[in-house]
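Results of the structural survey
Residues per chain are reported as follows:
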Amino acid sequence: MSESEALIDVEPMSVDQLAGAFVMIAGAIGSLLLVIWQSKCHCKMNLCYIFSCERRPPNEEEMKSLKQQGKDMKKKTDKMMKKEEKILAKEDEILDEVESQKSLSRSNSKVELETINLDSPKP
């Protein structure tokens with residue numbers, strides 16, 4: 001191979017292709033950092049000496065408080081679901097009542113039309 005021949009031939013890219021590549025790389029790095037941060041292991045991160053943090057797993061007391069918070073949230077959601085079911089039941093009752101009133105008014109209007117037609121003289 002001579003020196004003038006390149007091992008890899010790279011085509012020039014446009015600005016939008018460069019932006020897309022940058023976004024993909026930044027997303028991959030962000031996803032990796034997110035996985036590390038949400039893991040339950042002890043880790044220390046240093047991002048180019050700009051950002052440094054340390055993540056420790058929760059201790060037993062924190063785990064108990066998290067468990068209690070989860071139970072409280074479940075109670076709240078159960079309570080909200082019961083209220084929502086009551087509201088939906090009342091809504092169904094109201095809709096049924098409105099439908100029955102509509103059907104009664106329709107039947108009454110039909111009877112009125114028949115009586116009007118009977119009362120009017122035929123030519």
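This one's a predicted model, so the numbers in the text were calculated from it and none came from an experiment. (Residues numbered from 1 in each chain as written. Predicted model: local features only at pLDDT ≥ 70, side-chain atom pairs only at ≥ 80, totals over all residues. Heavy atoms only, no water.)

**Details of the overall build of the protein**
- On a plain count of helices and strands, the protein comes out with 2 helices and 2 strands.
- Along the protein, helices and strands appear, N-terminal first, in the series α-β-β-α.
- Carbon and sulfur atoms form 62% of the exposed surface of the protein, whose accessible area is close to 12100 Å². (Helix = DSSP H or I, 4+ residues; strand = E, 2+ residues; numbered from the N terminus. Areas by Shrake-Rupley, 256 points an atom, 1.4 Å probe, with all protein chains shown as cover.)

**Examining the pattern of salt bridges**
- Evaluated as defined, the whole model comprises 1 salt bridge.
- As a salt-bridge pair, Asp-78 and Lys-74 come within 3.7 Å of each other at their nearest N and O atoms. Pair noted here: Asp-78 and Lys-74 are both in helix H2 (residues 60–119), with a separation of 4 residues, about one helical turn.
- With relative accessibility at 37%, the residue Asp-78 sits in the partly exposed group. (Salt bridge = Lys/Arg side-chain N within 4 Å of Asp/Glu carboxyl O. Buried < 20%, exposed > 50% of the residue type's maximum accessible area, 1.4 Å probe, protein only.)

**Considerations on a negative patch on the surface**
- A surface patch of negative charge is lined by Glu-91, Asp-92, Glu-93, Asp-96, Glu-97 and Glu-99.
- Within the secondary structure, Glu-99 sits in helix H2.
- Accessibility expressed as a relative area gives 47% for Glu-99, which makes it partly exposed. (Patch = residues over 30% accessible without salt bridge, like charges linked within 9 Å, V, L, I, M, F, W, Y side chains within 5 Å. Lys, Arg positive; Asp, Glu negative; His and termini not counted. Charge placed at Lys NZ, Arg CZ, Asp CG, Glu CD.)

**A look at a positive patch on the surface**
- A contiguous patch of positive charge, built from Lys-79, Lys-82, Lys-83, Lys-86 and Lys-90, is present on the exposed surface.
- Along the chain, the position of Lys-82 falls in helix H2.
- In this structure Lys-82 comes out as exposed when scored by relative accessible area, which is 57%.

**With respect to the confidence of the model for the protein**
- On average, residues of the protein score 80 in pLDDT, and 78% of them are at 70 or above.
- Model confidence for the protein, summarised as mean pLDDT per element, is weakest for strand S1 (residues 43–47) at 71 and strongest for helix H1 (residues 15–38) at 89. (pLDDT = per-residue confidence, 0-100.)

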